[in-house]
Amino acid sequence: MSILISPSILNSDIGNLAGELNRISNADWAHVDVMDNHFVPNLTWGIPVIEAAKKYSPVPIDAHLMIANPDRWVPGFVEAGADSVTFHAEAVAAPIRLAREVRAMGARAGIALNPATQIDDYIDILDEFDMVLCMTVEPGFGGQPFIASVMPKVARLRELINKKGLETWIQVDGGVSADTIAQAAEAGANNFVAGSAVYKAEDAANAVDTLRELARS
Ligand code: DX5
Ligand code: ZN
């Protein structure tokens, strides 16, 4: 399965959104974190910023919705131009209906699991999703340390996906850096979100390439 690097713009210089997106033109996706101060104790931005990011991004937009009541909001994010929309298992009321709606609108559907959320409830419905996001920090903030104890869940998920012959991506998000990406790749993740590790680097594009190399080796 191809290795994909998805820098998170959460801690980028958002006043220069177009420029920050262009710094990562060699990435596979741009990850945009939406927070509502209900599902997570932080507040970021919404649909207008997705529209702006879509307009200026050289790469597809991966919207990660850390919001309550995603059932209400997800279609609007697809309309705004998100190429992939991920909503949280802990927040969604009707995950299958919502994923089908996203796919019917032509985008990829992702389901996100907090570090303590188990995969058992999703095993039989994995084919409804294009991606499972295994959070490797508690959602809400960039710059937190990677929670390595999530790796057995990633490994079990990869085994199940392979056994079922599915193409489902496994994304990891939180604390992914040159020091941690190899263990996530080893466990079976193929899509890596990295915020600080990319945007704090002097040369963001080079950081993307380095992460890709480390995930492949
Ligand atoms: C955390 C967000 C992440 C965050 C990652 O809630 O979902 O996407 O931006 O940032 P780093 O890579 O700094 O942990
Ligand atoms: Zn995220």
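Residues numbered from 1 in each chain as written. Chains lettered and ligands numbered in written order. Predicted model: local features only at pLDDT ≥ 70, side-chain atom pairs only at ≥ 80, totals over all residues.

- The chain has the name Ribulose-phosphate 3-epimerase in an unreviewed UniProt entry, where Flaviflexus salsibiostraticola is given as its organism.
- Among the UniProt annotations of the chain, the heading Sequence similarities (unreviewed entry) holds the following wording: "Belongs to the ribulose-phosphate 3-epimerase family."
- According to the UniProt record, the Pathway (unreviewed entry) comment for the chain is "Carbohydrate degradation." (UniProt positions renumbered as here; feature names shortened; annotations may be inferred.)

### Quick look at the overall build of the chain
And then number 1: The helix and strand inventory of the chain stands at 8 helices and 8 strands.
And then number 2: If you line up the chain on its principal axes, its C-alpha atoms span 45 × 40 × 30 Å.
And then number 3: Looking at the chain as a whole, 47% of its 217 residues qualify as buried.
And then number 4: Taking contacts inside the chain between residues at least 6 apart in sequence as the whole, the part at least 24 apart equals 60%. (Helix = DSSP H or I, 4+ residues; strand = E, 2+ residues; numbered from the N terminus. Buried ≥ 20, exposed ≤ 12 C-beta atoms within 10 Å, placed from the backbone. Contact = placed C-beta atoms within 7 Å.)

### Observations concerning the site of ligand 1
And then number 1: In the neighbourhood of ligand 1, 21 residues make up the surrounding shell, with S8, L10, G142, G195 and S196 lying closest.
And then number 2: Elements that contribute at least two residues to the shell around ligand 1 include exactly strand 2 (30–35), strand 8 (191–194) and helix 7 (196–199).
And then number 3: Looking at the shell around ligand 1 residue by residue, the class counts come to 8 nonpolar, 11 polar and 2 charged. (Near = placed C-beta within 6 Å. Nonpolar A, V, L, I, M, F, W, Y, C, P; charged D, E, K, R; others polar.)

### Some points on the environment of G81
And then number 1: Mapping G81 onto the fold places it in the loop between helix 3 (70–79) and strand 4 (84–88).
And then number 2: For the pair G81 and I24, spaced 57 residues apart in sequence, the C-alpha separation works out to 18 Å.
And then number 3: In contact with G81, not counting residues within four places along its chain, are I50, E51, K54 and I61.

### Notes on the environment of R23
And then number 1: Mapped onto the secondary structure, R23 falls in the loop between helix 1 (17–22) and strand 2.
And then number 2: The buried category is assigned to R23, around which 21 C-beta atoms lie within 10 Å.
And then number 3: Every residue in contact with R23, bar those within four places of it in the chain, is listed here: A204 and A205.

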